[in-house]
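# Geometric and topological summary
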Amino acid sequence: MTTQEAAAIAETAPAPRRRGRARSGRGGTGSWVVGAYSLIALAIMMIPIVYTIVFSFNDARRSNIVWRGFTLDNWLGICDDDRVCESFGNSILVGVTATIVATVLGTMIAIAIVRYTFKMRTLITVLLFLPMATPEVVLGSGLGSQFVNMGVERGLWTIIVAHIMFCISFVVVTVRARVASLDPSLEEAGRDLYASPGQVFWRVTLPLLMPGILAAALLCFALSFDDFIITNFVSGNAETFPKFVYVAASRGIPPQSNVIASAVFFLAIIIVVAAQLSAGARRRKLAKTG
Amino acid sequence: MAFGAFANSGPDLSASAPRRRSYVALILLAPGILYLIATFVAPLGSLVLTSFKEPGGNFEVGEYVYAFRWENYAEALGRFGEIFGRTFLFSLLATIFALIISYPLAYFIGVTLRRFPLWQSLVLILVIAPFFISFLLRTLAWKAIFSDEGPVVSFLQAIGLFGPEQYLNGTAFTVVFGLTYNYIPFMTLPIYASLERLDLRYVEAGGDLYAGPVQRFWRIILPLSLPGVVSGTLLTFIPASGDYVNASKDFLGSTNTVMAGNVINDLFFQSFYPVSAAVSILLMIAILIPVIAYVMKSGSEDLL
Amino acid sequence: MGGSFDESGADLELVGVTKRFPGFTAIENLNLTIPAGSFFALLGPSGCGKTTTLRLVAGLEEPTAGRILIGGKDVTATKPHQRPVNTVFQSYALFPHMTVLANVEFGLKRRGISNAQALAHEALRLVELDHVAGRKPSQLSGGQQQRVALARAVVNRPALLLLDEPLGALDLKLRRQMQLELKAIQSEVGLTFLHVTHDQEEAMTMADTVAVMNKGRIEQMGAPEELYELPRTSFVANFLGQSNLFTGPVVESAADSITVEVAGVGVKVPRERAQRHAGEVTIGVRPEKLTLHTSKPDSVAGLNVLGPGTITDVSFTGVSTQYLVQIPGLPAITVFAQNMAFGPVAEQGAEVWVSWRVEHGFGLADEADPEPRFADDDDTRSIAVQRRQSLEVELDEA
């Protein structure tokens, strides 16, 4: 995932779902054609995913390009190629650290932007917007040359520094929508009901912002986990999972990479489907009682 | 809109009117903003400084000193002018193809499937599914599929469209294909977001007022979903123009498909930092100008 | 805090309270005393300053000048969570992430009261919603949410309970039902209620005392019947029900009545029901006090007669029929006639006279052409816009 990809998700996420508003949409030949076209497009989009998953079961030797037969060995011995596992561990470490820091910093900015007035507001909003509108290769080479100019030894921590940087803006966008939609009378009710300012924040404001903050954190982690373009410039000798794949691409990718990518894919899909189903169940429950 | 997300679009009355003292805002803003200054603004400055550096006294590779060597830019433009043109062309083609594929798809999910919420959610998950599997592995999967022994080339050769020595990988086709494929979700999601909010009663009103299907699309549906289209094209064009994975010879490209990102990357890792920085700056300017012009022309200045 | 939570409610006193937002005055020198245990309604159109008054009492806004006393104690400088006051918000403001029970317990727990859960259940039983204690607010209907919001406030036994248009979001039938319930709960718990509303019927049904507020000040205050039967200003006369108002010079001033010349005819108003007794005055009468005549009625002492005029509109509203009568030289007169017979007694275009008993008339305190006190754009949205703009100006200068 790239930063712009995340922007696309970020703006889809807070969209209010107003379903079944107008019940028109008579199917005609038009919508039939659109449906067939869409399903073909989706099917083609799924090809590389299926390919990656299928080849995680390939009984591959050196390069995992030609199908040699089904095996579970790759799944049972994920760490047989220890560089795969090490780089995966590094990616998790970088992702978790960058997510925590960026989520805290971004949430603070989001609250400030919605709730407070301050000088240089326009300048600050432009500053938050620019990292999303800059090609990643420029972000990467900029930070890279900064580290070179300063004589900084590049490694895992410089990757973390870079990932926090490109995550902040996305956290701000995602959480900001949540803060803006927060009914101010809820916090007033808290104050009215004898809660001190600190208690209002921890017991009312923060719990109500939590869905937005969690969405932002997931987005940031996904962004960090799949980033290669920026990481490449700031990583030195450290290797994250995407960087391992890139470096290995010229020599042949071990099938364990496919195992890790497939496992992450299944985990993410399970999380998303579960979230969708529980949201759907909540909506149905509401429809019944309300 | 992500691009409108920071716009000051009038007073936000839903939230409590700003009334609190600025020092709290300062405490909330300072860490994050200082962080961005140190890791985003300063590096851009560093990039500008680097782009004017000249080789150091020892003539060692990677040794440069601060100077004002504007010839770096002349060199970048002279050596890589063609590559800039190609970068622009490939990104533009990928954006157009992505739009052609994404609009009907977004319409299908956002409008046709509106009456089936469960299906809508499932198909939406399919659209974002590629996000969950490594970007590089997906691209490598296409490389394998388009490979010389792969199914596509074999098929084309079997039906006689391709000669025995004709291949796909490393051509402009595979690079643009890869860019289009990788950035389709960026195009689909914003368009879906605006179509999902489209009130179908407007379309019904159009039908009531004698608009046929084609006119209903051009005069009602498309204008109402334009914010999504603008957002989607920007979200596709910007990253595509800086991409150096698809065009890399280890992935879908070859030496004939080099894009600006590849130049920046290669020069950087060969320690030719000044010219790499100059190409970065030129790329950033070359992207920002059409993007700003486009945003102005699409009548959505408030996006920026 | 603590100790100041009464079992019976306390007096609320506003002394010279003024609230200015940048570029706009919401409340001007407001003096108001609400006795303990009463049900007091603040009635007015949107933007009249009634909600600002409520927020000042709750501590959600700070007054520009003046003092606020609850039970004789000055609370002007205290924060909302330190005041023995609770609010039922217009949007209910139930915490969506907590159960109904947790919502009701919230205030008690913040104050460290030990048997919070038992008290919360008791409050929920009071509003007959203990059976939904475990649900989330979003699973309740509008009326149920309203009652939970009430329980959440009442459970704290505040000296003063503030209700900010609490019934505004409910449909008409539910609103009437809740009005009765609220009234019953108020007499049961004996707290002082300050109710803000723009619905005159609601204010009159529920409150012991109604204060009609307009443009940041109280126009008139009193029992509902008193306000209705004897409005003192044209604003009150028209905001509380409808009135027919006539302006003219006082031509005769007797011991028990004054006579005002209206369209060439002398109209009598009892002296004690008129606020001013000389010069140009405005007098009025309620539409249901008028009688229609198809022939000129005999001149009788104690009866005012105007006419002849023409019926320009007849509308049947079920209980009554509403006529518009145009008499030359006068504004259109509205007459409500009860439907004692089938159908209207007079048709459109008919020539009619209207009459009413002298003791039903009233005279207003207004000047003939009152200057507006504030600019007209005083609805909430423009307040917010003005406020933001001036804040931005302030910040740019800083």
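Residues numbered from 1 in each chain as written. Chains lettered and ligands numbered in written order. Predicted model: local features only at pLDDT ≥ 70, side-chain atom pairs only at ≥ 80, totals over all residues. Heavy atoms only, no water.

Another point: the confidence of the model for chain C. Residues and elements named next belong to chain C. Residues with a pLDDT of 70 or more make up 89% of chain C, whose mean pLDDT is 85. Across chain C, helix H2 (residues 100-110) holds the top mean pLDDT of 94, while helix H9 (residues 380-397) sits lowest at 60. Counted against residues more than four places away or in other chains, residues 1-6, with its pLDDT under 50, gives 14 contacts. Reported confidences for the modelled complex are a pTM of 0.80 and an ipTM of 0.85. (pLDDT = per-residue confidence, 0-100. Helix = DSSP H or I, 4+ residues; strand = E, 2+ residues; numbered from the N terminus. Contact = heavy atoms within 4.5 Å.)

What follows concerns helix H4 (residues 142-154) of chain C. Residues and elements named next belong to chain C. Helix length check: H4 (13 residues) gives 18 Å between terminal C-alpha atoms against 18 Å at 1.5 Å per residue, within 8%. For H4, a buried count of eleven out of 13 residues is recorded, marking the element as mostly surrounded by other parts of the structure. Along H4, the positions that sit buried rather than exposed are Gly143, Gln144, Gln146, Arg147, Val148, Ala149, Leu150, Ala151, Arg152, Ala153 and Val154. (Expected span 1.5 Å × (residues − 1). Buried < 20%, exposed > 50% of the residue type's maximum accessible area, 1.4 Å probe, protein only.)

Given two aromatic rings, their pairing is described by the distance between the two centres and the angle made by the two planes. In the structure shown here, the tally under the stated rule is 36 aromatic pairs over all chains. Three or more aromatic residues joined by ring pairs make a cluster, and in this case those are Phe228(A), Phe233(A), Tyr246(A), Tyr244(B), Phe251(B), Phe268(B), Phe269(B) and Tyr273(B). The lysine or arginine in question, Arg110(C), covers the ring of Phe106(C), its NZ or CZ lying 4.7 Å from the ring centre. One Lys or Arg, Arg152(C), reaches over the ring of Phe95(C) and ends 4.8 Å from the middle of that ring. (Phe/Tyr/Trp six-rings, centres within 6.5 Å; stacked < 30°, edge-to-face > 60°. Lys NZ or Arg CZ within 6 Å of the ring centre and 35° of its normal.)

What follows is about the interface of chain B and chain A. Facing the 111 residues of chain B at the interface are 108 residues of chain A. One can count zero salt bridges joining chain B with chain A. The interface formed by chain B and chain A includes twelve residue pairs in polar contact (both at pLDDT 80 or more). Top element by residues in the side of chain B that touches chain A is helix H1 (residues 22-51) of chain B. It accounts for 22 residues. Class assignment of the residues belonging to the side of chain B that touches chain A gives a composition of 75 nonpolar, 20 polar and 16 charged. (Salt bridge = Lys/Arg side-chain N within 4 Å of Asp/Glu carboxyl O. Polar contact = N/O pair within 3.5 Å; in protein donor to acceptor, adjacent residues only side chain to side chain. Nonpolar A, V, L, I, M, F, W, Y, C, P; charged D, E, K, R; others polar.)

Another aspect to go through is helix H11 (residues 241-249) of chain A. Counting buried residues along H11(A), eight of its nine residues qualify, which places the element largely inside the surrounding structure. Within the sequence span of H11(A), burial applies to Phe241(A), Pro242(A), Lys243(A), Phe244(A), Val245(A), Tyr246(A), Ala248(A) and Ala249(A).

This next bit is on empty space enclosed by the protein. Scanning the model with the defined rule gives four cavities of 30 Å³ or more in all. In this structure, the second largest cavity occupies an estimated 40 Å³ of space. What lines the second largest cavity is Val138(A), Leu139(A), Gly142(A), Leu143(A), Met165(A), Thr39(B), Phe40(B), Pro43(B) and Leu44(B). Breaking the lining of the second largest cavity down by element, the ones donating at least two residues are helix H6 (136-150) of chain A together with H1 of chain B. (1 Å grid on protein atoms, 1.4 Å probe; cavity = no way out; pocket = protein on both sides within 12 Å on 5 of 7 lines; lining within 4 Å. Points joined across faces, edges and corners; volume = space filled by probe spheres on them.)

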